[in-house]
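# Coordinates in review
Residue-level listing of the chains:
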Amino acid sequence: MDISRFIKSISAALALFSCLQIQPAQAIDIADTQDSGEAKASVDQRIAFYQKKLEQHPKLFIVHTQLAAAYLDKAREAIDPKWLKLADESLHQSLKIYANFDAYKGLEIMNAYRHQFAEARRWGEIAQQLFPEDYEVIAVLAEADLGLGDINSAIKRLPPLGSDPQVFHIAVAMANVYKAQGKFTEARNMFLKAEQMARTENFTYLAMWSRTNAAGMLIDSGHAKDARADLEAATAIRKGDPILRLHWAEYHEALNEPEKALNILESMLEDAPHPSYYYRAYRLAKKLGDTNKAKAYYAAAEKGYIAPLQAGEIYTLGSLAELYCEADTHLDKALEMAQRNLKYKRDPEAQQAIKCVQTKLAAQKGKKKVGAANKG
């Protein structure tokens, strides 16, 4: 199993595994997965390094792809969509110089990150023509299929379900297929296999990430109490990671412990003011009856979700529709967003967003009819 090659690929292919279909900010940071003893360069240092190199040698097409990967990491770190535009420009500049595999793969990964799943599939299939057996490309293609709600296509790209995958990223892609089918037990088992693969190669971050997602399958299937062992095991591997902390918050929320869940989210917001954290904090504050906190968290979530849309991105359409639905406000606008979102993303999450809005609108119309009848 060649995990090392996977880790050193053009960009964060792992960003697409499980997390990307929920929120880009929950993506795995590949820079954190390299468990070497050397001090890693910051994203800003990497950007500066590649920019300087291109000033000296602007025709180095591979450096453009490396710069794009750094820009994508910066987009996640800074929660700012402007870096996605720069990544896109760098990848297309690389292709102008030379039609190369790494740029095609980079465009596949970046478009999947942006929820442009049809585009991701297009670029991925171009990359696959050059290297049909590249497992990273295959895994991301499967993720794009799932984003489009096309489970059958994802299944066809992967080893037969029930078989034993030989590479980490394929194991995770298979886990996500099981999850899309609602087979949470099978998905959890596959995440546990991925954890063992990562442990074998001494990639502690990937091991922690996999065990955390195994816990997520228990939470998603209504067996949150049983998830504690997995979460504790993941914490023992690597404590304090954002996605692990997020799952601890989900665990406490599922056990009807909103105070504990909110405390975790508030500590996360101190480090990364991401709109998805604000949205979850809003729901919990509302549940706890803290009107002031709920109002503040709602406003922050709305602002964070709107920013990418104003920058021409679409990956927060469903999230903003869901926020409005939860708040029972701007429902007409939410319906438009949820419908537009379905043009790009057709997985169960996207379907749930539009169903929520339609249900709220129907209830709203029903109240108006009752009110009109009473007046009459």
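No experiment lies behind these values; they were computed from the predicted model shown. (Residues numbered from 1 in each chain as written. Predicted model: local features only at pLDDT ≥ 70, side-chain atom pairs only at ≥ 80, totals over all residues. Heavy atoms only, no water.)

A few words on the nonpolar core. Judged by nonpolar contacts, the single largest core of 78 residues is most densely connected at Leu 158, Phe 168, Tyr 297 and Leu 323. Sort the elements by how many residues they give to this core and helix H11 (residues 204–220) lands first, with 10 residues. Not counting the four nearest positions on each side in its chain, Tyr 297 is found in contact with Leu 262, Glu 266, Leu 269, Tyr 278, Ala 281, Tyr 282 and Ala 285. Of all hydrophobic cores here, the second largest spans 34 residues; its members include Leu 91, Ala 120, Trp 123 and Ala 127. (Core = buried A, V, L, I, M, F, W, Y, C linked by side-chain atoms within 4.5 Å. Buried < 20%, exposed > 50% of the residue type's maximum accessible area, 1.4 Å probe, protein only. Helix = DSSP H or I, 4+ residues; strand = E, 2+ residues; numbered from the N terminus. Contact = heavy atoms within 4.5 Å.)

Position of Thr 204 among the secondary structure elements: in helix H11. Classification of Thr 204 by relative accessible area gives partly exposed; the value is 36%. Residues Thr 204 and Arg 238 lie 34 residues apart in sequence; the distance between their C-alpha atoms is 7.1 Å.

What follows deals with the state of the cysteines. Inspection of the entire model under this criterion finds 1 disulfide. Between Cys 325 and Cys 356 runs a disulfide, and the two sulfur atoms are separated by 1.9 Å. Judged by the sign of its S-S torsion, about -95 degrees, the cystine formed by Cys 325 and Cys 356 is left-handed. Linking Cys 325 in helix H17 (residues 317–327) with Cys 356 in helix H19 (residues 348–375), this pair joins segments that are 31 residues apart in sequence. Classification of Cys 325 as buried rests on a relative accessible area of 0%. (Disulfide = S-S within 2.5 Å.)

Attention shifts here to the confidence of the model for the chain. Predicted confidence across the chain gives a mean pLDDT of 89, with 87% of residues reaching 70 or more. Low confidence marks residues 1–39, where pLDDT is under 50. Its contacts with residues over four positions away, or in another chain, come to 127 contacts. (pLDDT = per-residue confidence, 0-100.)

In a regular helix each residue adds 1.5 Å, so 14 residues correspond to 20 Å; helix H2 (residues 43–56) covers 20 Å between its end C-alpha atoms and thus fits that length. Within the sequence span of H2, burial applies to Val 43, Arg 46, Ile 47, Tyr 50 and Leu 54. Looking straight down H2, one finds its buried side chains confined to an arc of 100 degrees; they lie on one side. Residues of H2 that are exposed and angled more than 90 degrees away from the buried face: Gln 45, Lys 52, Glu 55 and Gln 56. (Expected span 1.5 Å × (residues − 1). Arc of directions from axis to C-beta.)

One pass over the structure, following the stated rule, counts 26 salt bridges. With its nearest N and O atoms 2.3 Å apart, the salt bridge here joins Arg 76 to Asp 73. Within this pair, Arg 76 and its partner Asp 73 are both found in helix H3 (residues 61–78), separated by 3 residues, close to a single helical turn. Asp 73 matches Arg 76 in its accessibility class, with the two residues each being buried. Of the charged contacts in the structure, one is a salt bridge between Arg 228 and Glu 232, with a shortest N-O distance of 3.0 Å. One end of the pair is Arg 228 and the other is Glu 232, both in helix H12 (residues 228–237) and 4 residues apart, which spans about a single turn. According to the relative accessible area criterion, Glu 232 is partly exposed, its value standing at 40%. When salt bridges with common partners are traced through the structure, they connect Arg 121, Glu 125, Asp 145, Asp 150 and Arg 157 into a single cluster. (Salt bridge = Lys/Arg side-chain N within 4 Å of Asp/Glu carboxyl O.)

In this section: helix H15 (residues 275–287). At 3.6 residues per turn, the α-helix brings residues three or four places apart onto the same side. Along its 13 residues, H15 runs 18 Å from first to last C-alpha, staying within 8% of the 18 Å computed at 1.5 Å per residue. By the criterion of burial, H15 is predominantly enclosed, with 10 of the 13 residues buried. Those residues of H15 lying buried are Pro 275, Ser 276, Tyr 277, Tyr 278, Tyr 279, Arg 280, Ala 281, Tyr 282, Leu 284 and Ala 285. On its buried face, H15 sits against helix H13 (242–254), helix H14 (258–271), helix H16 (291–310) and H17. In the stretch just after H15, Gly 289 is the one whose phi turns positive, near 80 degrees.

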